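Notes for the structure review
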Amino acid sequence: MADPWWKSAVLYQIYPRSFQDSDADGIGDLRGIIERLPYLVELGVDALWLSPIFASPMADFGYDISDYTAVDPLFGSLADFDALLREAHAVGLKVVLDFVPNHTSAEHPWFRESRASRDGPKRDWYIWRDGALGGGKPNNWLSEFGGSAWTYDDPAGQYYYHAFLAAQPDLNWRNPAVRAAMHDVMRFWLGRGVDGFRVDVIWHLIKDDQFRDNPPNPDFCAGDPPHRRQLPLYSADRPEVHELVRELRSVVDEFPERLLIGEIYLPLDRLVKYYGRDLAGVHLPFNFSLLETPWDARAVARLIDRYEALLPEGAWPNWVLGNHDRPRVASRIGQAQARVAAMLLLTLRGTPTLYYGDEIGLLQVAIPAERVQDPFEKNVPGLGRDGCRTPMQWGACAFAGFSEVSPWLPLAENFAGNNVACQGADPASLLNLYRRLIGLRRRRPALRRGAYRPLQAVGDVLAYFRETEDDRLLVALNFDGGRAALTIPSPGTVMLSSSGDRAGEDVVYSLTLRPHEGVIVALGLGRTEPTSAN
Ligand code: GLC
Ligand code: MG
């Protein structure tokens, strides 16, 4: 049987508000994405994942949905969505939607009905509890966006649970009617032809049936988000969640060749459980560990080994380098290392996910107080996510070609010198490095589906083989600003350097890396033993 498409795909996350505005309201939209499909084809990615485009009061920018089967007018119409799907498919791009099953908007008709009285039919669709004896919240659970996760609600005089904003009440997934309604939402979109879902906060879906207090987190550090004061032992990652995930998967499997991705922030040993028994869970539990590991060759080497070792038999790995919730990679590790990171992402074993703009090294943008949008920043200053959600920089023209008017979030100051137009014209740009890496990945079986084997290396070099029976590559990445030399097991030819200029160079047993350089070498196929770096 042929491998499913998503195993050899490069996924590209679009934050629709910030990709391309087509109707001059300063906010990106679906027609804007259609205009930019040729760019995505040229970049070489295979699938787009769109952050939520559904009807929403936008308290959390679309992660608060008031109608799961309607497109928010800000982004366009259902007809625009169908057009996007059709045009994307016509140029060979898959489209993956964001599915937000853990919570709705407080303005969803289900919640309006639920909150209206204690004995209405929708009461049990959400999580309602009486206050603790003697008054106060039902338990100590904290919201990820600051403060208690419980909000008192008149007129029925109970508290409801929200893992995020009070404007995002959690659904009660113990209720079979909720499950059935949400499965139908999935069928609605799958039936329209979408190629899969990225499921928002999937590990939160079900909570302890006894609502026990969470214990304190002994590892809490000053500067951590406030909810980290607790270990979310009872409010997330409950054993029952796996049954729910299995059900979501079986809905997806009613349609051929669809992809189910889970958003999961958990330690690797718990993360891999979401592949499910017999791999009947999500196809890809998003692996965010590169976002959370210090940018250090040894730490990353250990991380890869650990992840590879923990993967269940037959499970397909995946790697994420950036998203709309985390600081931009080019700011976090620096622009020189962003090139090394690109090579890492696109040469590791497993499906890579690229966040829009990271291919041109978009920087984290400092947002002036009066322009802050993110509710998280408003609740917990300093931790907001606006800085990684700024408009795509297409050109040096007004508003970077994103919009004809001032965009909803400020552009990075460097946009006139850093944009798709100028990077496209510069063979040595990060954008062209991404294009070459994606192209190479497409051409070389070793990169698409080969085994991963570490080459023992020390210091600031991370080196590994990717190999199939008849294709063998060595990837060597210099995580630092000094030169480094690496002994390699057999002679080969440089396929690609992150600096763009060494293709075709013969390397004979020793490879020298320049500062911040990554190199991919095609090796001869003779059997050789790994040696160490020096
Ligand atoms: C996920 C989303 C994030 C959102 C949260 C609540 O973590 O990625 O942007 O705020 O869920 O839905
Ligand atoms: Mg618009």
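Right, let's walk through the structure included here. All figures in this text were calculated on a predicted structure; none of them were measured in a lab. Within each chain, residue numbers correspond to sequence positions counted from 1 in written order. Key to labels: chains lettered from A, ligands numbered from 1, both in the order written. Reporting of local features is limited, given that this is a predicted model, to residues whose pLDDT is at least 70; pairs of side-chain atoms are given and counted only at 80 or more, and all residues count toward the totals for whole chains, interfaces and linings. Side-chain numbers come from the whole structure's heavy atoms, not from hydrogens or water.

1. Here's the deal with helix α14 (residues 430-443)
For clarity, the threshold we go by: Helix and strand definitions follow DSSP, with helices as H or I runs of at least four residues and strands as E runs of at least two, each counted in order from the N terminus. The length a helix should cover is 1.5 Å for every residue beyond the first. Relative accessible area decides the class of each residue, using a 1.4 Å probe on protein chains only: under 20% of the type maximum gives buried, over 50% gives exposed, and in between gives partly exposed.
With 14 residues, α14 extends 20 Å between its outermost C-alpha atoms, agreeing within 8% with the 20 Å of an ideal straight helix rising 1.5 Å per residue. Burial runs high along α14: 10 of the 14 residues are buried. Turning to α14, its buried residues are Leu 430, Leu 431, Asn 432, Leu 433, Tyr 434, Arg 435, Leu 437, Ile 438, Leu 440 and Arg 441.

2. Focus on the sheet that holds strand β14 (residues 451-455)
Rule in force here: DSSP calls a pair of strands paired once it identifies at least 2 bridges connecting them. Any two residues whose heavy atoms approach within 4.5 Å at even a single point are treated as in contact. Fitted lines through C-alpha atoms serve as axes, helices being fitted only where they are in contact, and the angles separating the N-to-C directions of these axes extend from 0 to 180 degrees.
The six strands lie next to each other as β14-β15-β16-β21-β18-β19, forming an open sheet whose pairing is antiparallel. For this open sheet the edge positions go to β14 and β19 (506-507), each flanked by a neighbour on one side alone. Sheet contacts for helix α11 (residues 335-347): β15 (461-468), β16 (471-478), β18 (492-497) and β21 (518-523); angle to β16, the most-contacted strand, approximately 155°. Of the strands in this sheet, β18 and β21 touch α14, which is tilted by about 135° from β18.

3. As for helix α5 (residues 176-192)
For the record, the criterion: A 3.5 Å cut-off defines polar contacts: any pair of N or O atoms within that distance qualifies, except that in protein one atom must be a possible hydrogen donor and the other a possible acceptor, and neighbouring residues in sequence count only when both atoms are side-chain atoms.
Here α5 is 17 residues long and its end C-alpha atoms lie 25 Å apart, about the 24 Å a rise of 1.5 Å per residue gives. Of all the positions in α5, only Val 178, Arg 179, Ala 181, Met 182, His 183, Val 185, Met 186, Trp 189 and Leu 190 are classed as buried. Capping the start of α5, Asn 175 holds a side-chain oxygen 2.8 Å from the backbone nitrogen of Ala 177, two or three residues further along. Positive backbone phi, approximately 110°, marks Gly 193, located one or two places after α5.

4. Focus on the site of ligand 1
Where we set the bar: One heavy atom within 4 Å of a molecule or strand is enough for the residue carrying it to be called near that molecule or strand. Computed with a 1.4 Å probe, the accessible areas rest on the Shrake-Rupley method; for each residue, only the protein chains presented here act as cover. Amino acids are sorted into nonpolar (Ala, Val, Leu, Ile, Met, Phe, Trp, Tyr, Cys and Pro), charged (Asp, Glu, Lys and Arg) and polar (every other residue, Gly among them).
Neighbouring ligand 1 are 14 residues, the closest being Asp 60, Asp 200, Glu 263, His 324 and Asp 325. A distance of 3.0 Å separates an oxygen atom of ligand 1 from a polar atom in the side chain of Arg 198. Interatomic distance of 2.9 Å between a side-chain N/O atom of Arg 385 and an oxygen atom of ligand 1. In isolation ligand 1 offers 300 Å² of accessible surface; the protein chains occlude 96% of this area. Across the shell around ligand 1, the residue classes break down as four nonpolar, three polar and seven charged.

5. Looking at the packing of α5 against helix α6 (residues 241-252)
Put simply, the rule reads: A crossing counts as left-handed when the near helix is turned anticlockwise from the far one by less than a right angle, and as right-handed when that turn is clockwise.
Between α5 and α6, the shortest axis-to-axis distance is 10 Å and the interhelical angle comes to 30°. Both α5 and α6 take part in a crossing whose hand is right-handed. Of the residues in α6, those touching α5 at Arg 179, His 183, Met 186, Arg 187 and Leu 190 are Glu 243, Leu 244, Glu 247, Leu 248, Val 251 and Val 252.

6. Describing the sheet that holds strand β8 (residues 158-161)
If you trace the three strands from one edge of the open sheet to the other, you get β6-β8-β7, paired in antiparallel fashion. Each edge of the open sheet is held by one strand with a lone partner, namely β6 (128-129) and β7 (150-153). Here β6 pairs with β8 via two bridges, running antiparallel. In the strand pairing of β8, Trp 128 is matched with Tyr 160.

The analysis is restricted to geometry; functional conclusions fall outside its scope.
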